[in-house]
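Structural overview for review
The residues making up each chain are set out below.
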Amino acid sequence: MSGLSIEKISMRFDLPNGGSVQALKDVSLHLNEGELMSVPGPSGCGKTTLLNIVAGFLAPTEGQIVMNGHTVTGPDAERGMVFQQGALFEWMSVRDNVSFGPRMKGQREADYRGEVDHLLEVVGLQEFKEKAIYELSGGMQQRVALARCLANDPDVILMDEPLGALDALTREKMQSLVLKLWKETGKTIILITHSVEEALLLGERLLVMAPRPGRIHKEYQLHFADMGVDQDLREVKKHPEFAKNREEILGMIWDMEEEIMGRTEAAQ
Amino acid sequence: MIPILIYVAMFVAAYFVVKLVTAGTQRQDFTSLKTVTFGDESAVVSDRKASIISIIAIIVLWGAFTGSVLLPGFLHAPGPFTGDGTFTYTVETADGQRDDATVTLLVHPSGEPADAPEVAPGEGFAKDDSVAIAAYRSKLARLDQNDEIGRDEGARIVAVNGQPIAPGGEVATDFGRVVMSQRGTLNIDPDKGWQMEPIWLPAPENVFTRMGEIASEGFRNFTLWEHLGYSLMRVVVGFALGALVGIPLGYAMGLSNWFRGWFDPIVEFMRPVPPLALIPLVIIWAGIGEGGKIILLFLAALWIMAIAARSGVSGVNISKVHAAYSLGASKAQLMRYVIIPNSLPEIFTGARVAMGVCWGTVVAAELVAAEKGAGMMIMVASKFQNTDIVIMGIILIGVIGFGIDMLMRWAERVLVPWKGKS
Ligand SMILES: Nc1ncnc2c1ncn2[C@@H]1O[C@H](COP(=O)(O)OP(=O)(O)OP(=O)(O)O)[C@@H](O)[C@H]1O
Ligand SMILES: [Mg+2]
């Protein structure tokens, strides 16, 4: 079976004080190749944990991840990750960051040069390729991170709030860029975000997670991502169905947050 | 006390003078537009003018209190009394006779010995005397020795310059003072002034001429450059060996539980032991030759470098490691492209500290025992009270230490430009 299967994943963290946190419980889903799934949810519901398990940085206490027919046991170049921030290598130029993956595979410069230059062109950093990372703005750094991930040509791209640290305008531009890259490259993408709006705009599928224990609450199939490919994102947001979905999901997340608050208050 | 007050006065005066002179000329840069500067560390820049005036102030103060020829005379603090002086003393015999005698005094600068002037004995049973005293010194004078009726015959000195004096008392004179000891002897004590005696603190120009002398003639069988060069060589070799062992050790401790567990007790124990405390043991084991010094400096640098490398590894942002693995890096590649470059800023900080500690330790070790080296030079000089060489040595040690630090900072800027910028 091709694609990415998350099979009955549970994750329990044992705490040093003897207690434990059930971060995920019985999470199962299947992603087909080329699907973009966005995952909003209240803070602490296990989104990062799930992504780390898919990436192979954490082993789940139960269940398994199956990708292209084999079980995931650790990080691999087939699953690329775009972090929120701080994951670029400051000691390398922009170009060396982007070409990191191909270089690690032992490719020679002649082999990857064209692809790296093309990606820098796509993310609009052609002029900055010799610059040091710390000379770039936050938005430019995230574009480098995106290009670095794509240059390695992974099958799945995992993004943990990649746009969380950006201002509203830069964020909107980056959202269009992500949509464009997704359509052009046909990659499978899991995108974690705090912004319900962002999840609606980018997600072909949208997975609302619920906390304590972390689990799948509700799934949506959306068409806004397809609309966004050739329309201005602000136009998409004006769609009546968009507003309806947004209110529904926001309400859901609000209820969960309130439930958590109530539960902690009751516990005290 | 007085020099400190003068120094504080110089500090305040220089501040207001510079304020006054530069009033109206505003700095035109980014920080000049900041309105909140008090409390904003980045808005505090070292004032070059203050630094230059500070250095000049120290040299002026030094010169003023040593009577330096570099300064015009009116800036000198009052010097010790030199030249001629006289006073009279009155002797009373047991049966009540009194007679006066005059004492002629020659106070000569300490470096130029002179004989007491010839004087005629004069009238009466108390005879005139003459005394030569070096500047900064005083002299107990048995003035009655040439008198016809002296202390042994029951005569006592009862007045100086006509003012009565008793054992323990003193009389001020134009050259200083005359003090009577408990046994009735006069102690002639010319004024010492406010200047420092050359044996405590030589004038700046003396230190510099001595530096020239030693640079051309050498000191104790070795040239100045050999002394300094040996000290530096020991530091460089000791530090290099310490880094060579310490950095891989630190990496191993940052990457492996077993290494961390095995070496943690050793490193944590050795870290607070000052290298100076190891000197006696190292001398017992390895003697006072080059081997011992290098072992000592190796040990001084080793722990610092190991700890720096260890915290450089632990300080790596886990996202960077995850990113590298997801991009297909192997463990060796992670080491080469992520762990090592990421730890370089920490290692440079450690190296700067280690170089400073090594330089201090080598000087201390040479003070204890050495045939050559900067520390040995000042130790030997101090035994012969060659204060000028001691001060010259301290200045050279300071300059070299500063030079090492500047060099390390420069290397850091060139090699790890990303330091503190992520
Ligand atoms: N290493 C860990 N040790 C113990 N508990 C952990 C650990 N990592 C996560 N948790 C717990 O697991 C739960 C889920 O954490 P996770 O980071 O996955 O949430 P999240 O949905 O990503 O939240 P956010 O939106 O705030 O990033 C939380 O309750 C958290 O306290
Ligand atoms: Mg998270």
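Residues numbered from 1 in each chain as written. Chains lettered and ligands numbered in written order. Predicted model: local features only at pLDDT ≥ 70, side-chain atom pairs only at ≥ 80, totals over all residues. Heavy atoms only, no water.

Per an unreviewed UniProt entry, chain B goes by the name ABC transporter permease subunit and belongs to Ruegeria spongiae. Recorded in UniProt under Sequence similarities (unreviewed entry), the annotation for chain B is "Belongs to the binding-protein-dependent transport system permease family." In UniProt, chain B has this text filed under Subcellular location (unreviewed entry): "Cell membrane". (UniProt positions renumbered as here; feature names shortened; annotations may be inferred.)

An unreviewed UniProt entry lists chain A under the name ABC transporter ATP-binding protein, with Ruegeria spongiae given as the organism. Per its UniProt entry, chain A bears the Sequence similarities (unreviewed entry) comment "Belongs to the ABC transporter superfamily."

**Looking at the domain arrangement of chain B**
Residue and element names in this part refer to chain B. When cut into domains, chain B gives domain 1 (2-75), domain 2 (83-190) and domain 3 (204-415). For domain 1 versus domain 3, the separation of C-alpha centres amounts to 34 Å. Contact with domain 1, which involves six residues of that partner, is made by five residues of domain 3. Of the roughly 440 Å² buried where domain 1 meets domain 3, counting both sides, 80% is carbon and sulfur surface. Where domain 1 packs against domain 3, one counts zero salt bridges. (Domains from an automatic or database assignment. Contact = heavy atoms within 4.5 Å. Buried area = accessible area lost by both parts, 1.4 Å probe. Salt bridge = Lys/Arg side-chain N within 4 Å of Asp/Glu carboxyl O.)

**What about the interface of chain A and chain B?**
Taken together, the contact pairs 23 residues of chain A with 20 residues of chain B. Buried area between chain A and chain B, both sides added, is near 1,900 Å², and the carbon and sulfur share of it is 69%. Sorting the residues of chain A by area buried against chain B places Trp91(A), Met104(A) and Tyr134(A) first, and these three jointly supply 36% of that buried surface. Scanning the region where chain A abuts chain B turns up one salt bridge. Put simply, Lys320(B) and Glu90(A) hold a salt bridge, and the shortest N to O gap is 3.4 Å. The tally of links between chain A and chain B comes to five residue pairs in polar contact (both at pLDDT 80 or more). Residue assignment for the side of chain A that touches chain B shows that the elements contributing at least two residues are strand S6 (79-82), helix H3 (100-104) and helix H5 (138-151) of chain A. No other element matches H3(A), which puts four residues into the side of chain A that touches chain B. For the side of chain A that touches chain B, a count of residues per class yields 14 nonpolar, four polar and five charged. (Polar contact = N/O pair within 3.5 Å; in protein donor to acceptor, adjacent residues only side chain to side chain. Helix = DSSP H or I, 4+ residues; strand = E, 2+ residues; numbered from the N terminus. Nonpolar A, V, L, I, M, F, W, Y, C, P; charged D, E, K, R; others polar.)

**Things to note about the domain arrangement of chain A**
Residues and elements named next belong to chain A. Split by domain assignment, chain A resolves into domain 1 (1-78 + 156-246) and domain 2 (85-153). The straight-line distance from the C-alpha centre of domain 1 to that of domain 2 is 24 Å. Summed over both partners, the interface of domain 1 with domain 2 buries about 1,100 Å², with 76% contributed by carbon and sulfur atoms. Lys 187 is the salt-bridge partner of Asp 153, the closest N and O atoms lying 2.4 Å from each other.

**Considering the UniProt feature "domain: ABC transporter" (unreviewed entry) in chain A**
Under the UniProt annotation, "domain: ABC transporter" (unreviewed entry) lies at residues 4-236 of chain A. Secondary structure over residues 4-236 of chain A splits into 36% helix and 27% strand, and the C-alpha atoms at its two ends are 29 Å apart.

**Overview of the sheet that holds strand S5 (residues 156-160) of chain B**
Residue and element names in this part refer to chain B. Spatial strand order, S3-S2-S1-S5-S6: five strands in an open sheet with mixed pairing. The open sheet is flanked by strand S3 (129-134) and strand S6 (163-164), the only strands paired with a single partner. Alignment of S5 against S6, held across two bridges, turns out to be antiparallel. Bridge pairing in S6 links Ala 159 to Pro 164. (Pairing = 2+ DSSP bridges.)

**A few points about the packing of aromatic side chains**
Here a ring pair, both rings aromatic, is described through the centre-centre distance and the interplanar angle of the planes. Residue and element names in this part refer to chain A. Taken as a whole and judged by the stated rule, the model has eleven aromatic pairs over all chains. Taking the centre distance of 6.5 Å and the plane angle of 20° together, the rings of Phe 57 and Phe 83 count as stacked. With Phe 57 in the loop between helix H1 (47-55) and strand S4 (62-67) and Phe 83 in the loop between S6 and helix H2 (94-98), this residue pair connects regions lying 26 residues apart in the sequence. Grouping residues by exposure puts Phe 57 and Phe 83 together as buried. (Phe/Tyr/Trp six-rings, centres within 6.5 Å; stacked < 30°, edge-to-face > 60°. Buried < 20%, exposed > 50% of the residue type's maximum accessible area, 1.4 Å probe, protein only.)

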